[in-house]
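Here is how the chains run, residue by residue.
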Amino acid sequence: MTESTYLHATQVAYDTVAADYAELLRDELVSKPLDRAMLAAFAEVVQASGAKEVADLGCGPGRITAHLQSLGVNAFGIDLSPEMVAVARRDHPDLRFEEGSMTALNLADEAVGGAVAWYSTVHTPPEVLPTVFTEIHRVLTPGGHLLIAFKVGDERRHASHGYGHKLSLDIYWMPPEHIAELLSNAGLVLDAQLIREPDESEKPRSGRQAFFLAHKPYES
């Protein structure tokens, strides 16, 4: 699959499900204390570094962006789907949301002090992940932090239905050691990792979930 093909498929799918996705996942974090703990840890290290802005990459309807803002982080969102961006702007009118691709971010070098990729790389073919991580490294300030959440495994699944709609979307489960290697190759240093078992809401369709916290060193 070419980069343009998977980006188009992802955009079409999320344009289709945007409103229902936002409603179904609106309160998802409430029942996920470990997920919230990683977001809180990210917020703390970002604030300690004095970062001015944090980019929520693949922000969807903006629920993680808003959660970060509630933790005292100056966050804005970027998403591939215009419909997702429209929903995010509707639901969080006090926050900034932009259209864009993680493979070619419309951000200057060293523009943000933090970045979050909250399950937003799960539709990215493995061969494109190095491009995404290189882009994240480029836009982070030295000392800036990255939090990435992804599905643990080593397979590709194809979804034909989701959030009450027909769609066509590939989803990738990735080995944690491979993601760690790709982050290192991109010049990012892994600081912490949490791998949790699926909770009741995720069984049986999902397996383990991974959360990596990394940073861009001052000399890289």
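In what follows, the structure referred to is the one given above.
Cut-offs and rules
- Residues numbered from 1 in each chain as written.
- Predicted model: local features only at pLDDT ≥ 70, side-chain atom pairs only at ≥ 80, totals over all residues.
- Heavy atoms only, no water.
- Helix = DSSP H or I, 4+ residues; strand = E, 2+ residues; numbered from the N terminus.
- Buried < 20%, exposed > 50% of the residue type's maximum accessible area, 1.4 Å probe, protein only.
- Polar contact = N/O pair within 3.5 Å; in protein donor to acceptor, adjacent residues only side chain to side chain.
- Contact = heavy atoms within 4.5 Å.
- Salt bridge = Lys/Arg side-chain N within 4 Å of Asp/Glu carboxyl O.
- Pairing = 2+ DSSP bridges.
- Axes fitted to C-alpha atoms, helices over the stretch in contact; angles between N-to-C directions.

Points about the side chain of S120
Inference 1: The topology assignment puts S120 in the loop between strand 4 (112–118) and helix 5 (129–139).
Inference 2: You can call S120 buried: its relative accessible area is 16%.
Inference 3: Here the side chain of S120 touches L57 through a polar contact of 2.8 Å, landing on its backbone oxygen.
Inference 4: Setting aside anything within four residues of it in sequence, one finds S120 in contact with L57, G58 and M102.

Some words on the pattern of salt bridges
Inference 1: Considering all chains together, one arrives at 12 salt bridges under this definition.
Inference 2: In this structure, R96 and E53 form a salt bridge, with 2.6 Å as the shortest nitrogen-oxygen distance. Within this pair, whereas R96 is found in the loop between helix 4 (82–91) and strand 3 (97–99), its partner E53 is found in the loop between helix 2 (33–48) and strand 1 (54–57), the two being separated by 43 residues in sequence.
Inference 3: Taking the relative accessible area as the measure of exposure, E53 reaches 27% and is therefore partly exposed.
Inference 4: The partner of D91 in a salt bridge is R90, and the shortest N-O contact between them spans 2.7 Å.
Inference 5: Among the charged side chains, a salt-bridge network with shared partners connects E23, R26, R90 and D91.

Details of unusual backbone geometry
Inference 1: Its identity is not glycine, yet E110 carries a phi of approximately 55 degrees, on the positive side.
Inference 2: Its location among the elements puts E110 in the loop between strand 3 and strand 4.
Inference 3: Residues other than glycine seldom take positive phi values, yet Y119 does so here, at roughly 60 degrees.
Inference 4: Structurally, Y119 is set in the loop between strand 4 and helix 5.

Focus: the sheet that holds strand 4
Inference 1: The strand order across the open sheet built from seven strands is 3-2-1-4-5-9-8, with neighbouring strands paired in mixed fashion. In the strand order of this sheet, the two ends are held by strand 3 and strand 8 (189–196), each with one partner. Across the sheet, the mean angle from the axis of one strand to that of its neighbour is 15 degrees, orientation sign disregarded.
Inference 2: Packed onto the sheet, helix 3 (residues 63–70) meets strand 1, strand 2 (75–79), strand 3 and strand 4 and runs at close to 170 degrees relative to strand 2.
Inference 3: With respect to the sheet, helix 6 (residues 176–185) is in contact with strand 5 (140–151), strand 8 and strand 9 (209–215), its orientation differing from that of strand 9 by roughly 20 degrees.

Read these as spatial facts, not as claims about activity.
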